[in-house]
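Summary of structural features
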Amino acid sequence: MPTAKVSNLAPDVQPRRRRLVITARAAATFDPLGRSVAAARAFVRDTLQGWGFADIVDDAVVLTSELVTNAVVHAGTRAEVLCLRAEDGIRVEVADRYPERELPLQHPGERPYADPDRENGRGLMLCAALATRWGVEYTATHKHVWFRLDLPDRPVGTRSAGPLVPDRLLPLAESRVRVAVLQVDASDAVSAWNDDAEHIFGYPAEKAVGRPLAELAAWPQTPGTGTGIAEALRLSRWEGSYGIRGADGRVIPVYASHLRVRDAHGEPSIVCLLVHDDERALLQTPVRVPVSDSGQLTEPRPDPFEVFIGSPAPDDLDGLLQRTVERARDLLDADSAFLLLATDDETELEVRATTGLPSTRQRFARVPVEAGTNRYGSARMPAVHDDLSAVPGAVPLLEATGMRSAVTVPLKVEGRLTGSLGVAAEVAGRYSNEEALRLQFAADRIALAVESARLGELERLRRGSLSFLVEASDLLAGTLDRDQTLALMAQMTVPTLATWCAVYTIADPASDPFLSFVLHEDEERIDGLKALLSRVSPPESVREAGARPWPEAALAVGGETVVLPLLARNRVIGLLTLGKPSEEHFRQEILELAEDLSRRAALALDNARLYSERTAISRSLQRSLLPPGSPAVPGMEVEVIYRAAGEGNEVGGDFYDVFPIREGVYGFAIGDVCGTGPEAAAVTGLARHALRLLAREGLGGPAVLERLNAAILDEGARSRFLTLLYGELHPQPDGSALMKVVCAGHPLPLRLRPNGEVVPAADPQPLLGVIDDLDLYEQNVTLDPGDVLLCVTDGVTERREGARMLGDDGLAEVLTTCTGLTAGAVASRVLRAVERFAAEPASDDMAILAFRVPHQREGD
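Residues numbered from 1 in each chain as written. Predicted model: local features only at pLDDT ≥ 70, side-chain atom pairs only at ≥ 80, totals over all residues. Heavy atoms only, no water.

**Quick look at the overall build of the protein**
- What the protein contains, in helices and strands, is 20 helices and 35 strands.
- For the protein, the share of sequence-separated contacts (at least 6 apart) that also reach a separation of at least 24 residues comes to 59%. (Helix = DSSP H or I, 4+ residues; strand = E, 2+ residues; numbered from the N terminus. Contact = heavy atoms within 4.5 Å.)

**Topic: the side chain of D188**
- One can find D188 in the loop between β7 (180–184) and β8 (190–193).
- The contact partners of D188, leaving out residues within four places of it in the chain, are R211, P212, L213, L233 and R234.

**Side note on the pairing of strand β12 (residues 268–276)**
- Both β7 and β12 contribute to a ladder of 5 bridges, which runs antiparallel. Across the sheet, the residue bridging to Q183 is V271, located in β12.
- Across 9 bridges, the pairing between strand β11 (residues 251–262) and β12 is antiparallel. Paired with Y255 across the bridge in β12 is V275.
- Where β11 hands over to β12, the hairpin turn is made up of 5 residues, of which G266 adopts a positive phi near 85 degrees. (Pairing = 2+ DSSP bridges.)

**A closer look at the nonpolar core**
- Core analysis: the biggest nonpolar cluster contains 32 residues, and F468, L476, M489, M492, L566, L578 and L597 have the highest contact counts within it.
- Residue assignment for this core shows that the elements contributing at least two residues are α10 (433–477), α11 (482–493), β19 (500–505), β22 (560–568), β23 (571–580) and α14 (588–625).
- A total of 8 residues in this core trace back to one element, the largest contributor, which is α14.
- Aside from chain neighbours lying at most four places away, what touches L597 is F468, L469, A472, M492, T493 and L497.
- Ranked by size, the runner-up nonpolar core spans 31 residues in total, among them V44, V61, F147 and L149. (Core = buried A, V, L, I, M, F, W, Y, C linked by side-chain atoms within 4.5 Å. Buried < 20%, exposed > 50% of the residue type's maximum accessible area, 1.4 Å probe, protein only.)

**A word on the environment of G671**
- Note on placement: G671 falls in strand β26 (residues 665–673).
- In sequence terms G671 and A847 are 176 residues apart; their C-alpha atoms lie 8.4 Å from each other.

**Brief notes about the side chain of T493**
- Topologically, T493 is positioned in helix α11.
- Non-local contacts of T493, meaning those with residues more than four positions away in its chain, are made with A498, C501, L576, L578 and L597.

**As for the sheet that holds strand β21 (residues 548–549)**
- Taken in spatial order, the 5 strands line up as β20-β19-β23-β22-β21 in an open sheet, and their pairing is antiparallel. Only two strands of the sheet have a single neighbouring strand rather than two, namely β20 (514–520) and β21.
- Bridge analysis of β19 against β20 gives 6 bridges, and the strand direction is antiparallel. Counterpart to V503 in the pairing with β20 is F517.
- Set on the sheet, α11 makes contact with β19, β20, β22 and β23; between it and β20 the angle comes to about 40 degrees. (Axes fitted to C-alpha atoms, helices over the stretch in contact; angles between N-to-C directions.)

**Some words on the sheet that holds strand β25 (residues 654–662)**
- Here 5 strands make up an open sheet; going across it, the order is β25-β26-β27-β28-β31 and the pairing antiparallel. The sheet is open, and its two borders are formed by β25 and β31 (779–783), each paired with just one other strand. Going across the sheet, the axis of each strand differs from the next one's by a mean of 20 degrees, ignoring polarity.
- In this structure, β26 lies alongside strand β27 (residues 722–731), joined through 8 bridges in antiparallel fashion.

**As for the confidence of the model for the protein**
- For the protein, per-residue confidence averages 80 on the pLDDT scale, and residues scoring 70 or more make up 82% of the total.
- For the stretch residues 4–18, pLDDT sits under 50, and the model shows 44 contacts to residues farther than four places along the chain or on other chains.
- Within the model, the stretch residues 288–304 combines pLDDT values under 50 with 20 contacts to residues more than four positions away or in other chains. (pLDDT = per-residue confidence, 0-100.)

See below:
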């Protein structure tokens with residue numbers, strides 16, 4: 001229970017923190033308990049109402065609620081609340097005993113301390129928005145947060161004023177106006193009774209003082225008055241009609257104004273002003289009538305929504321819902337409040353905003369409306385729950401929160417359930433039908449605005465979902481690598497859709513899911529999460545679409561976990577697992593978006609699998625077409641460089657080979673099949689194997705190529721023409737090398753002499769695979785020590801950069817710079833020159849074959 005003291009001070013007494021003329025003060029201390037926040041609100045409301053500061057009560061109550069919450073909930077200490085009254089406003093101080101916990105300072109580049117997206121600092125943000133002035137002071141034992149609210153500007157000595165009207169329109173009153181003044185003590189007994197009360201009701205003071213007011217009141221006098229006299233006396237301010245039984249037994253209709261005050265000793269009492277009901281204009285609070293631009297009086301049209309929510313209203317759904325629960329809590333002086341929104345089919349309610357409830361209440365958690373366990377059976381009608389402990393599960397959201405009584409009302413738009421608003425208290429029997437009607441009145445005023453904001457949010461989510469899926473599809477379509485696809489799947493879900501995710505792959509229907517990839521928004525927790533999931537049985541494979549819970553993972557990791565199947569080509573190829581921490585819940589819209597993503601990801605993952613399988617098969621076949629290795633040729637340097645164009649290709653239309661024919665004789669070939677890819681590779685295999693077979697049969701170069709030409713033509717429509725440089729290499733005893741070559745339509749071999757001279761080493765002849773009758777001849781070339789013979793395919797000479805081409809002359813120019821280099825160095829320099837000739841990657845296959853006869857001393 002709070003302890004309080006009130007004292008009236010002399011006008012010249014100054015407070016210690018600023019020069020302010022104080023006329024009264026009230027103080028109370030509240031224990032670090034959740035219910036203390038509501039008690040502090042009631043204390044400030046009653047105090048300011050008693051001082052006649054109704055115009056600033058609402059702002060003061062809101063600010064006090066936030067600051068006391070910071071003290072008793074976040075700081076965890078007692079809260080000391082001090083109210084100071086001045087002539088032009090009030091000052092409220094809230095102190096806690098945690099001075100070490102200073103307010104966070106804002107550093108460059110950081111978010112400000114008053115940020116609506118942060119849990120702490122909101123009270124200071126409200127102070128900045130609502131208070132005239134505010135500040136923070138520290139002592140050795142306390143931290144004080146104070147705010148000042150000034151009264152609205154009014155004409156001097158005037159609370160409110162009405163327009164000038166003719167005398168005939170003034171309200172009627174007796175020539176001798178009498179106002180009965182009663183004072184009622186804490187036990188609801190009359191403690192003061194003035195002379196006008198004696199004249200109006202016929203009781204002398206000695207007959208009235210000490211009697212309960214309820215004995216004298218005839219309640220209700222006016223139909224529709226729903227608050228009893230006892231309840232009215234508990235309110236800080238009340239105004240309305242009822243009756244008083246006179247001394248003669250007649251009921252005298254009166255209009256009354258009640259004000260709850262505290263005396264100098266802190267004792268509460270109620271001052272009641274009463275007049276005859278037909279003279280109510282003497283006491284009734286006048287309606288402030290706005291004046292039009294023309295000066296004419298206009299009918300007041302207050303906006304019921306703004307009356308409850310305040311102006312300006314939040315422009316986002318979450319802000320609107322949070323403001324709604326806070327105002328609903330204050331409206332009924334509750335300990336907590338909550339708001340749930342209905343799904344489109346009205347079968348479930350989704351938690352969207354709470355205040356005063358534990359943080360473990362899951363946001364976006366869902367409960368059924370009509371059937372099943374833990375349902376809101378009364379969601380479509382107002383309901384008052386006197387004692388929740390007697391009816392477990394009546395309001396599932398309040399289970400294990402310490403709340404005992406609650407009132408819930410529906411939000412409806414055009415007869416359709418759109419949500420549910422509720423408030424709760426820690427004591428039983430707190431609410432009656434009167435509070436339910438008041439809360440329903442407020443809910444009716446905000447339902448349309450909430451539904452409009454909700455539809456706007458859904459539209460933004462829909463647009464955001466479409467953009468997300470388009471971007472996800474583009475990213476997934478941009479790779480055919482399995483591991484990269486798995487990583488992309490995880491990165492697109494964390495943290496956009498979930499806090500963590502795990503991807504399981506399934507090799508075949510008989511295999512168990514295998515944990516392939518794990519990602520957490522906190523990178524330091526990835527290894528620990530992977531270890532936890534490795535110890536848990538993998539989720540069961542399901543063929544039906546839709547998210548399903550995974551209890552084993554939820555127990556091991558904590559929080560909520562769902563599993564979505566990865567379905568591709570009517571087969572389950574994996575499972576996508578998403579998880580959130582305990583205090584969060586998956587929204588239905590997020591799960592639907594995750595399902596769409598899982599379908600796209602499954603197809604991308606299956607495409608990556610098929611591509612990997614095809615690439616593996618292709619590479620295996622291609623590797624079988626490559627020579628097993630170049631033999632060591634005595635007295636010669638031999639170097640080969642091969643590059644196949646196209647992603648995933650190891651063999652294309654270009655090929656090479658160096659092989660022994662018989663003792664002391666070696667065959668070599670470099671060729672180019674028209675085109676690239678598997679079809680060209682097939683002709684490559686035919687040519688390479690045919691050359692070896694025919695050469696070892698003892699046939700000379702022209703005969704070998706004529707028979708290969710016939711074999712290519714025999715392929716019919718599948719045949720492709722072929723350029724080929726074929727030769728026999730005969731190392732000589734004197735250190736030179738005799739080369740017998742046939743150049744069938746191929747780029748001419750180039751001979752580099754030690755003096756830098758570059759000359760063609762053969763004449764051009766017809767290519768293969770075009771005509772039947774070929775007349776080919778063999779040419780002899782002798783390489784002396786230091787000579788180099790360079791053979792290339794047209795992928796080298798036809799390297800292009802725009803309109804420029806390397807050509808035969810460009811290749812010869814590069815070769816002139818290779819004097820004195822080994823065969824390997826010559827081949828490497830030619831390759832670098834080709835690559836640097838153009839910025840774009842090569843689009844044609846390339847083969848480079850270099851022979852060099854070393855000097856005798858080099859071979860020693």
